[in-house]
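Coordinate analysis (summary)
Residue strings, one per chain:
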Amino acid sequence: TPKSGNTIVIGSKNFSESIVLGNMMYDLLKAKLKHVNVQNQPNLASTLVAWTSVKDGQLDIYPEYTGTGLVDILKKPASTNTEQVYQTVKQEYARQYHVDWLDPIGFNNTYAVAVPKAIAHKYHLTKISDLAAVSSQLVFGGDPEFFIRHDDGFPALMSKYGLNFQSTRQIDVGLKYLAVASDQFQVTDAYSTDGALIRYNLVVLQDDKHLFPPYYAAPLVREDTLKAYPEIKPILNELSGKINNETMKQLNYQVDVQHKSADDVARQFLVSHGLLS
Ligand code: PBE
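Residues numbered from 1 in each chain as written. Predicted model: local features only at pLDDT ≥ 70, side-chain atom pairs only at ≥ 80, totals over all residues. Heavy atoms only, no water.

1. A closer look at unusual backbone geometry
Unusually for a residue other than glycine, lysine 75 sits at a positive phi of about 60 degrees. Mapped onto the elements, lysine 75 comes out in the loop between helix 3 (66-73) and helix 4 (82-97). Judged by its relative accessible area of 57%, lysine 75 is exposed. For asparagine 201, which is not glycine, the phi torsion reads 55 degrees and is therefore positive. Its location among the elements puts asparagine 201 in the loop between helix 9 (196-199) and strand 9 (202-205). Classification of asparagine 201 by relative accessible area gives partly exposed; the value is 45%. (Helix = DSSP H or I, 4+ residues; strand = E, 2+ residues; numbered from the N terminus. Buried < 20%, exposed > 50% of the residue type's maximum accessible area, 1.4 Å probe, protein only.)

2. Observations concerning the pairing of strand 6 (residues 139-142)
Residues of strand 6 alternate between two faces, with Val139 and Gly141 on one and Phe140 and Gly142 on the opposite face, all of them buried. Of the strand pairs in this sheet, strand 6 and strand 7 (residues 167-170) are connected by 4 bridges, and their pairing is parallel. Across the sheet, residue glycine 142 finds its bridge partner in strand 7, namely glutamine 170. Pairing analysis gives 2 bridges linking strand 6 to strand 8 (residues 187-191), with the strands arranged parallel. Bridged to glycine 141 within strand 8 is threonine 188. (Pairing = 2+ DSSP bridges.)

In structure tokens:
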């Protein structure tokens, strides 16, 4: 459904971190933009759904990751240069789509390959390339989006590292860690800021062939929305520099392991950092 006038819609993708960040943006704009109808649409099905909604104008804002923009949306080759990746997505989204990347929030949530500690010991795994010799004895389980991301997901992982798993399983992103912990599969795609990595004793294997680019989070905003409401930019840029990798992991831990609501975690963070009263 198209938006009515004077309405701003904020979205997020289907995992806790994205929902927490979307909620922070929603809370800030709701409190600070007067006479605007600010709406929240958390937990959209995938990167593609969130991005298509922004492109089509049904959504104004959502948190996105630089590497995802570079590789998955713009279809450009991966780079390990953090600043260059940010500048590329910033320039190209503005040029091609009239969508702006605001300032990076300050943490990198990269895809990673993780195994339970016992599996790492048994098969002597410390880096992803160690999997090549043993992958045919192991089952890989991952969330659906990982399997369809051609250049930074499962297909790229297989070809870059020469892997060939015994079989694969797709599983909802929220159930992945419990499933790997209960040995339904032995290898999974993780997100490096996941709080559940701590809870389930998983070892992240080193990406020794540099498959994954940096994935720094930043707010994406439609340019026409910024023109109508220029205050959005300084308001959302207040998040910049406030959340590093460790802080984001702690916030995710509160939601995924301690089962606090993503609403409460976002609001408490803003209040405790003086961003919201
Ligand atoms: N990430 C890492 C991905 C999924 C894993 C958060 C950068 C993304 O949402 O694009």
